[in-house]
Amino acid sequence: MLARLNLVIPQALVRLLVLAMLKGGGQFNYDHSTNLLPQYDFIVVGSGSAGSVVASRLAEVQGWKVLVLEAGGPPPPESQVPGFNVFLMQSDADWNYRTVPQKHGLLNYKNNACPFPLGRVVGGSASINWMMYVRGNKRDYDNWVALGNPGWDYRTVLKYFKKSEHYRGSRNSHTADEYHGHNGPISVEDKRWGSPLLAGYLKAGQQLGYPIVDPNGPDQIGFSVADMTQEKGRRSSVVEGYLRPALEGGNLHIVPRALVTQILFDEKKRAIGVRFEHQGKVRTVLAKREVVVSAGAVGSPHLLLVSGVGPAQHLRQHNIPVIVDLPGVGHNLQDHPSIFGLTWTVNPGSASSILNIANPAHIKNYLNNRQGPLTSPMGVEGNAWSLAEEGDPYWPDLQYLFISATPAADAGLLLADVIGFKRDFFQKYFGPIKGHDGFNIGPMLTRPKSRGTVKLRSRNPHDPPLIDPNFLSHPDDITTFIRGIKFALAIGNTQALKDDHGAKFYNTVLPGCEKEVYGSDSYWACFTRHMAQTTFHPVGTCKMAPPSDPYGVVDHTLKLRGISGLRVVDASIMPVIVSGNLNAPVIMIGERAADLIKQDWDVAI
């Protein structure tokens, strides 16, 4: 209860502050429940990064009626201010899910489990994320084609990345024209504010022989300032970029706080509509053409399972009538695990401070000029991708997240519970550096080999699913993490960070690893099992695959196997996770899916 109060009280104060700052601006009526039609051409379940995009693009077709059903409410006011993003996790805009206890890791986290943030809000996770715009590596998409999914090669998807993007950054003009779009709904800018450590981080990369790169350009290997989905200091999300403009056409309806509990099928196994709960009532709406499930890598398999689509044995365990036996639903869960806690202390004033978000001068600067620390998510500075040691060296298996704050930056008030650390561990390990300036370099596996599942807790659609990422179950993931830790240490030990900013690695022995020789591979393996957790990037649970793959769920046009009138459009369709953050790729999936649907219904694209 105390931990929950630690989260709720700051959130309430921040919301009041933002309402005063913005004077109610940015609010919008998203609720069309009072004029709901009995039938729509398309019903889209979920308004996240894919659902909002596909719904908005379908609504471009004159005469088509499109309905979006979203389990959450409108975006909270604080979601518009990038610097307040930490208060969105474990809020009423989050599903507040947790993983099941992990067998191979999360040993310093409460119950060997961790929070699993997912947006339960109009805009989905795009309304609560850290706003980093990273597409991944071109080899990711060419690999999807090699696995039997035509039409998803890099050259094809680049067109959709550019279509969705309004690039406002300062990258090289030739690169910007070739790899970036300039007229799309999502504004992408350079990070507007950085601590003094950002320049040190980029210089450190150069001292290690790595170039400074455009993370969404031709070459991913190198160091970069983070590109952010923002416009003039405010979040740029699918809500502002896609939904709002589409609503002006009149043929798109949205119903927030509508929990879809079942997909309805006829006797020919065609999806004909959905059942949902709204304001205490059970309602039904029908689809003339298609139902599009865009509830995310957790929500989409969960809805399919409670609707009778999935592994027959699992469905029968919960007394759910089997519509289609589809073994792959809920399997192939992938995530980007990353390590929280590789920490350096620095000279006072070098790093980000949580006090910045409450500083009246910074608030005034943000309000008047849209400048200062509040224009950027707290602590987020830059990225890096190192050369891979196996296979193609330019297809990275590690990404490094540079955050100019430590997990103890707020003295344990908020961040420890958001991350999910055990309180006694946090006090013992991070206690000596509470409130100190510092930074964290988080190695993140971009191509993990571990696979997990999303399964039913019960047949009740209100019960949260069992989310098991199965972190570190493949031994190669540990080996890759050890290499990533060593590279992170090399970054932190460069002259650029040591001499210019007084960086000193926090080398206290990690509780739980006292029996290992400090600094050995076995020590870092132990460190990984205790400290690695989610980077909030779940994918893969409704895998796109050819008919030859028994665990495929959708085909390359995202149609569900064994069912007509139903597609899945979100991160769950990824056969293999991409080498970077997910928001940009999921927006691309929504754009690509909209064109596929239009083509199937003989609409020119």
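Residues numbered from 1 in each chain as written. Predicted model: local features only at pLDDT ≥ 70, side-chain atom pairs only at ≥ 80, totals over all residues. Heavy atoms only, no water.

Things to note about the packing of aromatic side chains
Thinking step 1. For the structure on display, the rule yields 29 aromatic pairs.
Thinking step 2. Plain terms: the ring middles of Y141 and W144 are 5.1 Å apart, the flat faces sit at 75° to each other, and that makes the pair edge-to-face. Here Y141 pairs with W144, and both are found in helix 3 (residues 138-146), just 3 residues apart, close to one helical turn.
Thinking step 3. Judged by its relative accessible area of 1%, Y141 is buried.
Thinking step 4. What makes W144 buried here is its relative accessible area of 0%.
Thinking step 5. Between F421 and F430 the ring centres are 5.8 Å apart and the planes differ by 40°, which places this aromatic pair in the tilted class. (Phe/Tyr/Trp six-rings, centres within 6.5 Å; stacked < 30°, edge-to-face > 60°. Helix = DSSP H or I, 4+ residues; strand = E, 2+ residues; numbered from the N terminus. Buried < 20%, exposed > 50% of the residue type's maximum accessible area, 1.4 Å probe, protein only.)

What to know about the state of the cysteines
Thinking step 1. Applying the stated criterion to the full structure yields 1 disulfide.
Thinking step 2. Free cysteine: C114, not disulfide-bonded; nearest cysteine sulfur from C513 at 18 Å.
Thinking step 3. What makes C114 buried here is its relative accessible area of 0%. (Disulfide = S-S within 2.5 Å.)

Digging into the nonpolar core
Thinking step 1. In terms of nonpolar packing, the biggest core is built from 94 residues, with L69, L560 and L566 touching the most fellow members.
Thinking step 2. Per-element tally for this core: the top contributor is helix 16 (residues 583-600), with 9 residues.
Thinking step 3. Once you skip the residues sitting within four places of it in the chain, L560 turns out to touch L304, V309, L326, V553, V554, L566 and V568.
Thinking step 4. Counting 60 residues, the second largest nonpolar core, distinct from the first, contains A204, I478, F505 and Y506. (Core = buried A, V, L, I, M, F, W, Y, C linked by side-chain atoms within 4.5 Å. Contact = heavy atoms within 4.5 Å.)

Side note on the environment of A593
Thinking step 1. Assignment of secondary structure puts A593 in helix 16.
Thinking step 2. According to the relative accessible area criterion, A593 is buried, its value standing at 1%.
Thinking step 3. On a C-alpha basis, the gap between A593 and H556 in space is 9.7 Å, while along the polypeptide they are 37 residues apart.
Thinking step 4. For A593, the contacting residues outside a window of four places in its chain are V54, L558 and V569.

What to know about helix 16
Thinking step 1. Counted at 1.5 Å a residue, the expected span for helix 16 with its 18 residues is 26 Å, and the 26 Å between its end C-alpha atoms agrees.
Thinking step 2. Counting buried positions along helix 16 gives 16 out of 18 residues, so the element sits mostly inside the fold.
Thinking step 3. Phi turns positive one or two residues past the end of helix 16, at D602, with a value near 60°. (Expected span 1.5 Å × (residues − 1).)

Here we look at the layout of surface pockets
Thinking step 1. In this model, the second largest pocket occupies a volume close to 390 Å³.
Thinking step 2. If you go around the second largest pocket, you meet 18 residues; those closest to its centre are E390, D397, R447, K449 and T480.
Thinking step 3. Broken down by element, the residue count for the lining of the second largest pocket peaks at 5 residues, all from helix 13 (residues 475-492). (1 Å grid on protein atoms, 1.4 Å probe; cavity = no way out; pocket = protein on both sides within 12 Å on 5 of 7 lines; lining within 4 Å. Points joined across faces, edges and corners; volume = space filled by probe spheres on them.)

Overview of the packing of helix 2 (residues 51-58) against helix 16
Thinking step 1. Contact geometry for helix 2 and helix 16: axes closest at 8 Å, N-to-C directions at 35°. The way helix 2 lies across helix 16 gives a crossing that is right-handed. Facing helix 2, whose interface residues are V53, V54, R57 and L58, helix 16 presents I587, G590, E591, A593, A594, I597 and K598. (Axes fitted to C-alpha atoms, helices over the stretch in contact; angles between N-to-C directions. Left-handed = near helix turned anticlockwise from the far one by under 90°.)

Here we look at empty space enclosed by the protein
Thinking step 1. Summed over the entire model, instances satisfying the criterion amount to 2 cavities of 30 Å³ or more.
Thinking step 2. Of the voids in this model, the second largest cavity is the one considered here, and its volume is about 40 Å³.
Thinking step 3. If you go around the second largest cavity, the residues you meet are Q334, D335, P337, P448, S450, P469, F471, L472 and D477.

Quick look at the pattern of salt bridges
Thinking step 1. Counted under the stated rule, the structure contains 25 salt bridges.
Thinking step 2. Note that K110 and D417 form a salt bridge whose closest N and O atoms lie 2.8 Å from each other. Residue K110 is located in the loop between strand 3 (97-98) and strand 4 (115-116), and its partner D417 is located in helix 11 (residues 415-419); the two are separated by 307 residues in the primary sequence.
Thinking step 3. Using a relative accessible area of 25% as the deciding quantity, one classes K110 as partly exposed.
Thinking step 4. On the accessibility criterion, D417 (4% relative accessible area) is buried.
Thinking step 5. Linking R171 and D227 is a salt bridge whose minimum nitrogen-to-oxygen distance equals 3.0 Å. Residue R171 is located in the loop between strand 5 (165-167) and helix 5 (173-179), and its partner D227 is located in strand 8 (residues 227-228); the two are separated by 56 residues in the primary sequence.
Thinking step 6. One continuous salt-bridge network, built from bridges that share partners, spans R57, E60, K163, E591, D595 and K598. (Salt bridge = Lys/Arg side-chain N within 4 Å of Asp/Glu carboxyl O.)

Remember that the coordinates give geometry; whether it matters functionally is a separate question.
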